[in-house]
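Chains, contacts and geometry: an overview
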Amino acid sequence: MKKKIIIGNWKMYGGLPNIKSLCDLLNLGTCDFVGNLLDIVLCVPAPYFDYVRSNVHSNISIGAQNISQYNDGAFTGEISASMIKEFYCAYTLIGHSERRMLFGDNDNVIQKKIIQALNYNIVPIVCVGETLNQRLNNQSYDAVLKQITNIFYCSHNGIDNIILAYEPVWTIGTGVAATLTQIRDMHKFISFTVKNINEYFSKKIRIIYGGSLSPCNAMQIFALDNVDGGLVGNCSLSSKYFISIINKLLLN
Ligand code: PGA
């Protein structure tokens, strides 16, 4: 069985006092044994990597929210895989829809970022998902298929370690998650697609859901077939909500 995983994406929210209290409360709410049962990852803004690593329970891993496609060089503002690794990140998000839409992370860039992460043994959490327009025009499956095909076009060593996050773009930050049927059907499709690409990959690769995950819907979503965990935005900024979502995953 695949180990379940829960990932918090703090996005560009912070402020040391907030982060300090979030770390303290997460430490109180997550027991030692949790690390054996599931993986917990916090994708935090880069300036806080060090603080969070030093102050949060060791059974919680740190992740980056983005990684440069380049190794090093004159790329002002970029953060390389080796820097992320030096600052304790075991994971990185790649291709989050906010990056795809606002920062030009296209399929080609995403492939390069995956390779950078794998070269440094950082686990890529690669986001896929359709826009509202694509959903309304019955193009959801085509859109996700194209994104997944692009990811596995890269046959780099370690590609079987990636995590796929299905995040319908129209559910992100809206407070409205996809329906259970939509999630179940898309996860089945993603699992089938990965299996078609490589049967061995499909036994390893975890597929998680993201998009307005909350304590109210997590239990039902996590109970669905082919859902191996969740990617949580807004609710990861509240220790109470995030711990509640972790507990729902533990119960499944
Ligand atoms: P949300 O964000 O939980 O606030 O919808 C999810 C994400 O952006 O990964």
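Residues numbered from 1 in each chain as written. Predicted model: local features only at pLDDT ≥ 70, side-chain atom pairs only at ≥ 80, totals over all residues. Heavy atoms only, no water.

1. Brief notes about the overall build of the protein
Along its length, the protein carries 12 helices and eight strands. Here the C-alpha radius of gyration of the protein, 17 Å, is about what a compact globule of 252 residues would show, namely 18 Å. Its C-alpha atoms give the protein principal-axis dimensions of roughly 45 × 45 × 35 Å. The long-range share in the protein, meaning contacts at least 24 apart out of those at least 6 apart in sequence, stands at 73%. Here the protein displays about 11,800 Å² of accessible surface, and carbon together with sulfur accounts for 54% of that area. Within the protein, one finds 21 positive and 18 negative side-chain charges whose respective centroids are separated by 4 Å. (Helix = DSSP H or I, 4+ residues; strand = E, 2+ residues; numbered from the N terminus. Rg over C-alpha atoms; globule rule 2.2 N^0.38 Å. Contact = heavy atoms within 4.5 Å. Areas by Shrake-Rupley, 256 points an atom, 1.4 Å probe, with all protein chains shown as cover. Lys, Arg positive; Asp, Glu negative; His and termini not counted. Charge placed at Lys NZ, Arg CZ, Asp CG, Glu CD.)

2. Quick look at the packing of helix α8 (residues 140-153) against helix α9 (residues 180-197)
α9 packs onto α8 with a crossing angle of 35° between their chain directions and a minimal axis gap of 11 Å. The chirality of how α8 crosses α9 is right-handed. Each of Ser-140, Tyr-141, Val-144, Leu-145, Ile-148 and Phe-152 in α8 lies in contact with α9, whose residues at this interface are Asp-185, Met-186, Phe-189, Ile-190, Thr-193, Val-194 and Ile-197. Looking at the contact of α8 with α9 residue by residue, the classes come out as 10 nonpolar, two polar and one charged. (Axes fitted to C-alpha atoms, helices over the stretch in contact; angles between N-to-C directions. Left-handed = near helix turned anticlockwise from the far one by under 90°. Nonpolar A, V, L, I, M, F, W, Y, C, P; charged D, E, K, R; others polar.)

3. A few points about the site of the ligand
Taken together, 13 residues form the shell around the ligand, and within it Lys-11, His-96, Glu-167, Gly-173 and Ser-212 come nearest. A distance of 2.7 Å separates an oxygen atom of the ligand from a polar atom in the backbone of Gly-173. Take Gly-233: an N or O atom from its main chain is 2.9 Å from an oxygen atom of the ligand. Burial of the ligand by the protein chains amounts to 98% of its free accessible area of 280 Å². (Near = heavy atom within 4 Å. Polar contact = N/O pair within 3.5 Å; in protein donor to acceptor, adjacent residues only side chain to side chain.)

4. Overview of α9
With 18 residues, α9 extends 26 Å between its outermost C-alpha atoms, agreeing within 8% with the 26 Å of an ideal straight helix rising 1.5 Å per residue. For α9, every residue scored as buried is listed here: Ile-183, Met-186, His-187, Ile-190, Thr-193 and Val-194. Projected down its long axis, α9 carries its buried residues within an arc of 125°, all on one side. Turned more than 90 degrees from where α9 packs its buried face, Lys-188, Phe-192 and Asn-196 sit exposed. (Expected span 1.5 Å × (residues − 1). Buried < 20%, exposed > 50% of the residue type's maximum accessible area, 1.4 Å probe, protein only. Arc of directions from axis to C-beta.)

5. Comments concerning the side chain of Asn-150
As for its position among the elements, Asn-150 is in helix α8. Taking the relative accessible area as the measure of exposure, Asn-150 reaches 10% and is therefore buried. A polar atom in the side chain of Asn-150 sits 2.6 Å from the side chain of Gln-111. Residues in contact with Asn-150, not counting those within four places in the same chain, are Asp-107, Ile-110 and Gln-111.

6. Examining the packing of helix α6 (residues 107-119) against α8
Contact geometry of α6 with α8 gives a least axis separation of 9 Å together with a crossing angle of 40°. It follows that α6 is oblique to α8 by the angle criterion. Here α6 and α8 pass one another in a crossing that is right-handed. Taking contact as the criterion, the partners of Asp-107, Ile-110, Gln-111 and Ile-114 in α6 are, on α8, Lys-146, Asn-150, Ile-151 and Tyr-153. When grouped by side-chain class, the residues that make up the contact of α6 with α8 number four nonpolar, two polar and two charged. (Parallel < 35°, antiparallel > 145°, perpendicular 65-115°, else oblique.)

7. As for the nonpolar core
Residues Ile-6, Val-52, Phe-152 and Ile-190 are the most contacted members of the largest nonpolar core, which totals 63 residues. Sort the elements by how many residues they give to this core and helix α12 (residues 239-251) lands first, with five residues. Those residues in contact with Phe-152 that sit more than four places away from it in its chain are Ile-159, Ile-162, Leu-164, Val-194, Ile-197, Phe-201 and Ile-205. Among the nonpolar cores identified, the runner-up in size contains 12 residues, and Cys-43, Leu-93, Ala-165 and Ile-208 belong to it. (Core = buried A, V, L, I, M, F, W, Y, C linked by side-chain atoms within 4.5 Å.)

Any functional reading would require information beyond the geometric quantities listed.
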